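Close look at the chain arrangement
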Amino acid sequence: MKTTILFLCLVAPSVFAAKTVTYDWLTLGKKSGQQVVTHHDDGRIVIDFEFNDRGRGPATQETIRLNETGVMTEYSVTGNSYMGAEVAEKFSLSDGNANWQSSEESGSKNVTEHTPYLPSNASPATQALLIQSLMKQTDKRLPLLPSGEAVAEVLLTAAVSHKDQKKNLKLVALSGLGFTPQYTWLDEQDQLFAVAYGWMGMTPAGWGDVLDDLQKMQDKADEEFHYGLGQKLTGKLPGSTLIHNVNWVDVKKGRLNENSAVLINNGVITAIGKKALRFKAEKSIDAQGKTLIPGLWDMHTHISISDGLLQIAAGVTSARDLANKHDDLMQTISAFDSGRAIGPHIYKAGFIDQKSPFSAPTGQLAETLEEALNYVDWYAERGYPQIKIYSSITPAWVKPIAERIHKNGMKLSGHIPSFMTTEQAVKDGFDEIQHINMIFLNFLAGPEDDTRTPVRFTLVGEKAGSLDLASKQVEQFIQLLKKSKTIVDPTVTIFHSMFLNKAGEIDPNYAMIADHLPANVRRGFLSSTMDINAENEAQYKASAQALLAMIKKLHDAGIPLVAGTDAIAGFTLHRELELYNQAGISPQDVLRIATLDSARVVGKDKTNGSIEVGKAADLVLLDGNPLENISAVRNVVWTIKDNHYYDAAQLYQAVGIKPFNEAK
């Protein structure tokens, strides 16, 4: 997880009533960190910020100095990022000349107007400070250094109480820095009160009991934003639509059928080829020789309403959610299925972990095996076809949990619990393994390695490249997977980013799209997740290659793969497919993995996943042939889902992305 935080450069120390303000960082309602803002007599503002999230989390100290008019003249931050990479950044302003230097970038610029600097690694307190600066502008808008601009808008006001204290708050949306607005709660004096990030958030010390209510109000405001986009950007197809002059991909045969036609009636494919041309459709679309493929599937998401538009724009019409709060997930599914918000079909999986200092932040947390088994039944009663378990589960629990899951007609997947081998997990009943690192940990993790912590990343980064993939041990393990019909969900893109992205260089997994994205999103790709340096660079690069080699080996052995992301919606799936192709898997097989094979895994291959008469018309029109170059999946022109159509260029423009094709 990358925590994106914002900054300002215009505030005077006198705005604070006290010299020190302390905030609690909360995870699932419990304190897991803090932010302390201290105002010194010499004008310095020092912000200490840290939190712990399952052994991960940032720890930084910022120092800010302001001039007599309240403009920042100096800024520095030291510490470590969420995943432990070193943080070091400086900014200075003198005589109108701004200079900045960090591990990610450096630059300078002469500024004649107020232009706030946005640090790469700033604390949550700075988000409110930026908003304060914006609120003083007539249009609530300011350009930023190094690039981009920000806009503030007050969405609502609310009153909250704690013991005998009462606060009147306002929710402010900050736009221009990402795909969708970011939210901050301010008090009556426009000082930072709270930030809410789902299961995590921050309030003044002692005020944590109001965070859930603030989150609900914030979620409602965010829903309204996305409902507005849905109303504006969704096109309705008539009862019958003919797509002609189109090349369509038969993913079963891995073949392109040229100069053909596809007829859709009320969301279902009713005729293909010459038969389709015999009907008089209410709407006729000339595809101009472009390529029609089945809708793509993202098999590893933690879906939110804000992901939906990016998924549809990328041609993803179906997604599997692998850990979420039940009520939140059902609300998102309802919004997508009803058409109120733009998003794919969602296939849900329940989530169970054991309570520990490293417990996951979503789903159900069990203290006993009996409680875990009851949670299995709870999910079964609510129609979940699959349950994912996590790293804190006691290894001895896996077999009885698997038996209860299978008794309910469900499937078991997940992380391999810490202090358990992947081999044993498969023998005890795992139907699917999430993340390619879990395959490698079977050979690399020792009995003392606690893989609930970031060890599950660093161990693979340091040692995967030296594992002999042709060894008898590896071969026997792959045969076990094949015999057990175990599915593997690699999410290899996230590990390639961890192992290859060096500070100051654009993440190679997003370099091809970076210039299309909002300035601050692009800038985020300059930050490294792990500390990649001259001493370990070759080692981590070899491990990244080993991941791809293992994926190819699994595919060649007939192990079912599904394409999932666990990262930025839409764009990451495209990269995941490219990496499978780089591993040596043919474009034909890669496309089938991302369509029909995924539909088969969730039991929907009879109605979805390929272009056939009688199947759902979840379709994507591409400018290019993915059977020749899998990267053509990036060139989405239109996406069709549930008898609705979406222009990819219009969707991207609505969230600040430069389109990859012109609007049609």
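Conventions and cut-offs
Residues numbered from 1 in each chain as written. Predicted model: local features only at pLDDT ≥ 70, side-chain atom pairs only at ≥ 80, totals over all residues. Heavy atoms only, no water. Helix = DSSP H or I, 4+ residues; strand = E, 2+ residues; numbered from the N terminus. Rg over C-alpha atoms; globule rule 2.2 N^0.38 Å. Contact = heavy atoms within 4.5 Å. Areas by Shrake-Rupley, 256 points an atom, 1.4 Å probe, with all protein chains shown as cover. Salt bridge = Lys/Arg side-chain N within 4 Å of Asp/Glu carboxyl O. Buried < 20%, exposed > 50% of the residue type's maximum accessible area, 1.4 Å probe, protein only. pLDDT = per-residue confidence, 0-100. Core = buried A, V, L, I, M, F, W, Y, C linked by side-chain atoms within 4.5 Å. 1 Å grid on protein atoms, 1.4 Å probe; cavity = no way out; pocket = protein on both sides within 12 Å on 5 of 7 lines; lining within 4 Å. Points joined across faces, edges and corners; volume = space filled by probe spheres on them. Nonpolar A, V, L, I, M, F, W, Y, C, P; charged D, E, K, R; others polar. Polar contact = N/O pair within 3.5 Å; in protein donor to acceptor, adjacent residues only side chain to side chain. Pairing = 2+ DSSP bridges. Axes fitted to C-alpha atoms, helices over the stretch in contact; angles between N-to-C directions. Parallel < 35°, antiparallel > 145°, perpendicular 65-115°, else oblique. Left-handed = near helix turned anticlockwise from the far one by under 90°. Expected span 1.5 Å × (residues − 1).

This part covers the overall build of the chain. When helices and strands are tallied, the chain shows 17 helices and 32 strands. A globule of 664 residues ought to have a C-alpha radius of gyration of about 26 Å, and the chain, at 25 Å, matches this closely. A fraction of 62% describes how many contacts in the chain between residues 6 or more apart in sequence connect residues 24 or more apart. For the chain, the accessible area works out to roughly 26,000 Å², and carbon and sulfur atoms hold 47% of it.

Turning next to the pattern of salt bridges. Applying the stated criterion to the full structure yields 31 salt bridges. The shortest N-O distance in the salt bridge between Arg-44 and Asp-42 comes to 2.8 Å. What makes Arg-44 partly exposed here is its relative accessible area of 24%. Assessed through its relative accessible area of 43%, Asp-42 is described here as partly exposed.

Across the chain, the average pLDDT comes to 93, with 97% of residues at 70 or higher. Taken as a whole, residues 1-18 scores under 50 in pLDDT and shows 69 contacts with residues more than four places along the chain or in a different chain.

Right, let's get into the nonpolar core. Formed by 161 residues in total, the largest nonpolar core has its most connected members in Ile-436, Phe-440 and Met-550. In terms of residues, this core owes the most to one element, helix α14 (residues 537-556), which gives eight residues. Met-550 has contacts with Ile-436, Ile-439, Phe-440, Phe-443, Leu-469, Val-474 and Ile-478, leaving out every residue within four places of it along the chain. Core analysis: the next-biggest nonpolar cluster, separate from the first, contains 18 residues, Val-246, Ile-264, Ile-611 and Trp-638 among them.

A few words now on the layout of surface pockets. Considered as a void within the structure, the second largest pocket measures approximately 390 Å³ in volume. Taken together, 16 residues line the second largest pocket, and the ones lying closest to its centre are Thr-27, Leu-28, Lys-30, Ser-356 and Ser-359. In terms of residue count, strand β2 (residues 30-39) provides more of the lining of the second largest pocket than any other element does, three residues in total. Among the residues forming the lining of the second largest pocket, the class breakdown is six nonpolar, five polar and five charged.

Turning to its location among the elements, Ser-528 is positioned in the loop between α13 (519-524) and α14. For the pair Ser-528 and Gln-35, spaced 493 residues apart in sequence, the C-alpha separation works out to 23 Å. Apart from residues lying up to four places away in sequence, Ser-528 is in contact with Ser-81, Ala-85, Asn-501, Lys-502 and Ala-503. Among the polar contacts listed, one links the side chain of Ser-528 to the backbone oxygen of Met-530, at a separation of 3.2 Å.

Reading across from one edge, β25-β24-β26-β27-β28-β29 is the order of the six strands in this open sheet, with parallel pairing throughout. Taken across any chain shown, the strands that pair with only one partner, and hence form the sheet edges, are β25 (364-366) and β29 (487-489). Within this sheet the neighbouring strands show an average axis-to-axis angle of 25°, counted without direction. One ladder, built from three bridges, connects strand β24 (residues 350-354) with strand β26 (residues 386-389); its direction is parallel. Note on β26: the bridge partner recorded for Gly-350 is Ile-387.

For the rest of this paragraph, the subject is the packing of helix α12 (residues 492-500) against α14. Contact geometry for α12 and α14: axes closest at 8 Å, N-to-C directions at 165°. Considering the angle they form, α12 stands roughly antiparallel to α14. In terms of crossing hand, the pair formed by α12 and α14 is left-handed. Together, Val-492, Phe-495, His-496, Phe-499 and Leu-500 of α12 and Tyr-540, Lys-541, Ser-543, Ala-544, Gln-545, Leu-547, Leu-548 and Ile-551 of α14 make up the contact between the two elements.

A few words on the environment of Ile-401. By secondary structure assignment, the location of Ile-401 is in helix α7 (residues 398-407). The buried category is assigned to Ile-401, whose relative accessible area is 0%. A C-alpha to C-alpha distance of 10.0 Å links Ile-401 and Ile-352, two positions 49 residues apart in sequence. Excluding residues within four positions of it along the chain, Ile-401 makes contact with Leu-369, Ala-372, Leu-373, Val-376, Ile-389 and Ile-393.

Let us look at the sheet that holds strand β21 (residues 296-301). In space, the three strands of this open sheet follow the order β21-β22-β23, with parallel pairing throughout. Each edge of the open sheet is held by one strand with a lone partner, namely β21 and β23 (345-348). Neighbour-to-neighbour, the strand axes of the sheet open up by a mean angle of 20°, direction not taken into account. Contacting β21 and β22 (316-321), helix α16 (residues 587-601) runs over the sheet at an angle of about 70° to β21.

Turning our eyes to something else, we now look at unusual backbone geometry. Going from Leu-145 to Pro-146, the amide bond is cis rather than trans, its omega being 5°. Here Pro-146 is to be found in the loop between β9 (141-143) and β10 (149-162). A positive phi angle, close to 55°, is found at Gln-288, a residue other than glycine. Checked against the element boundaries, Gln-288 lands in the loop between β19 (283-286) and β20 (291-294). Even without being glycine, Asp-642 reaches a positive phi, approximately 55°. In this structure Asp-642 comes out as partly exposed when scored by relative accessible area, which is 33%.

Turning our eyes to something else, we now look at α14. For α14, spanning 20 residues, the distance from its first C-alpha to its last is 29 Å, which sits close to the expected 28 Å at 1.5 Å a residue. Looking only at α14, the buried set comprises Tyr-540, Ser-543, Ala-544, Ala-546, Leu-547, Leu-548, Met-550, Ile-551, Leu-554 and His-555. Within two residues after α14, Gly-558 carries a phi angle of roughly 85°, on the positive side.

Turning next to helix α1 (residues 125-135). For α1, a buried count of ten out of eleven residues is recorded, marking the element as mostly surrounded by other parts of the structure. Within α1 the residues assigned to the buried category are Ala-125, Thr-126, Gln-127, Ala-128, Leu-129, Leu-130, Ile-131, Gln-132, Ser-133 and Leu-134.

Right, let's talk about the pairing of strand β13 (residues 192-197) for a bit. By the criterion of burial, β13 is predominantly enclosed, with five of the six residues buried. The sheet contact formed by strand β12 (residues 182-186) and β13 spans two bridges and is antiparallel. Bridging across to β13, Leu-186 finds its partner in Leu-192. Alignment of β13 against strand β14 (residues 200-204), held across three bridges, turns out to be antiparallel. Opposite Val-195, over in β14, you have Met-202 as the bridge partner. Counting the residues that bridge the hairpin from β13 to β14 gives two residues, and of these Gly-198 lies at a positive phi of roughly 85°.

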